[in-house]
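Reading the structure
The primary structure of each chain is shown beneath.
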Amino acid sequence: MAAPNPRPTAVRQKVLLLKSKIMISISAKIREVFGKKVKDLREHGILPAILYGQKAKETALSLELKEFKKVFQSAGESSLITLDIEGRKEKNMVMIHAVAFDPLTGEPIHADFYQPDLTEKIEVKVPLIFEGESLAIKELGGTLVKNIHELEVKALPQNLPHAIIVDVSVLNTFEDRVLVKDLVVSDGVEILKDPEEVVVMVDEPQKAEEEIEKPIEDKVAEIKKAGEKEEEKEEG
């Protein structure tokens, strides 16, 4: 057994914010193809897109699908990227606001680029990435329970984190918890969630097994009860 953890249940931990030191950029061209002809673009590896925003003129765009997929994987929907439009001198600071996917292949078929006002705070959902090794799992055989997988935050566009890394190595006992209020974010970033909510914890082995066995036991009880009713009908 591991030694008792002298620290309080709500473990104060430092959570690292993933931010790109180098601004990610993507190139695009002004699109002059619309309607049914857009299908031809997709067949040639070109992704149709659109740019809009409070201070941006709505513009139809096209870009390389392969390049977009790489940028989307790195930036997600909560990071500013530089949009370089062919034929234009100015570069647009944008966010990937929405992506439509093919229901069969899962490939992107359209993307929205939103140009926010850099002087106004916006709200976005940021994913949590759980890292580290918990002693409560390694030595006590517990099961990691992730109650929250993403958090909505509010900040200026240039201060938004791409993701938040949660270090689960601070969970040494079954009493340890990481609460929303334990997460440390950079100045200017506000987490829009109940500070007392549990982000992650470790369940005891018996509890984890009970959660799995409970639905099975309930099903057996239902079958047994149905069988008893059937017998009563036959006797009657």
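Model, not experiment: these values are computed from the prediction.

1. Description of the environment of Thr82
Inspection of the secondary structure puts Thr82 in strand S5 (residues 81-85). Along the primary structure Thr82 and Met95 are separated by 13 residues, whereas in three dimensions their C-alpha atoms are 8.6 Å apart. Non-local contacts of Thr82, meaning those with residues more than four positions away in its chain, are made with Met23, Ile24, Ser25, Ile26, Lys91, Asn92 and Met93.

2. Focus on the sheet that holds strand S12 (residues 177-179)
Pairing is antiparallel in the open sheet, where 3 strands are placed in the order S9-S14-S12. Among the strands making up the open sheet, the edge pair consists of strand S9 (143-146) and S12. Across this sheet, the average inter-strand angle for adjacent strands is 15°, counted without regard to direction. Pairing of S12 with strand S14 (residues 198-203), which is carried by 3 bridges, proceeds in the antiparallel orientation. Residue pairing for S14: Arg177 is matched across the bridge by Met201.

3. What about the sheet that holds strand S7 (residues 108-115)?
Spatial strand order, S2-S4-S3-S7-S6-S5: 6 strands in a closed barrel with mixed pairing. Taking the axes of each pair of neighbouring strands and ignoring which way they run, one obtains an average angle of 45° across the sheet. Judged from the 5 bridges that link them, strand S3 (residues 46-53) and S7 form a sheet pairing that is parallel. Across the sheet, Ile50 pairs through a bridge with Asp112, a residue of S7.

4. Quick notes on the confidence of the model for the protein chain
Residue-level pLDDT values for the protein chain average 85, and 78% of them are 70 or greater. Mean pLDDT values over the elements of the protein chain span from 44, in strand S1 (residues 16-18), up to 97, in S7. The low-confidence segment residues 1-21, where pLDDT is below 50, has 52 contacts with residues more than four positions distant or belonging to other chains.

5. Describing the layout of surface pockets
Volume-wise, the second largest pocket comes out at about 160 Å³. Around the second largest pocket sit Glu77, Ser78, Met95, Ile96, His97, Tyr114, Ile122, Glu123, Val124 and Lys125, which together line it. Every element with two or more residues in the lining of the second largest pocket is listed here: strand S6 (92-101) and strand S8 (122-131). If you tally residues by element for the lining of the second largest pocket, the top one is S8, at 4 residues. Considering only residue class, the lining of the second largest pocket consists of 5 nonpolar, 2 polar and 3 charged.

Calculation rules
- Residues numbered from 1 in each chain as written.
- Predicted model: local features only at pLDDT ≥ 70, side-chain atom pairs only at ≥ 80, totals over all residues.
- Heavy atoms only, no water.
- Helix = DSSP H or I, 4+ residues; strand = E, 2+ residues; numbered from the N terminus.
- Contact = heavy atoms within 4.5 Å.
- Pairing = 2+ DSSP bridges.
- Axes fitted to C-alpha atoms, helices over the stretch in contact; angles between N-to-C directions.
- pLDDT = per-residue confidence, 0-100.
- 1 Å grid on protein atoms, 1.4 Å probe; cavity = no way out; pocket = protein on both sides within 12 Å on 5 of 7 lines; lining within 4 Å.
- Points joined across faces, edges and corners; volume = space filled by probe spheres on them.
- Nonpolar A, V, L, I, M, F, W, Y, C, P; charged D, E, K, R; others polar.

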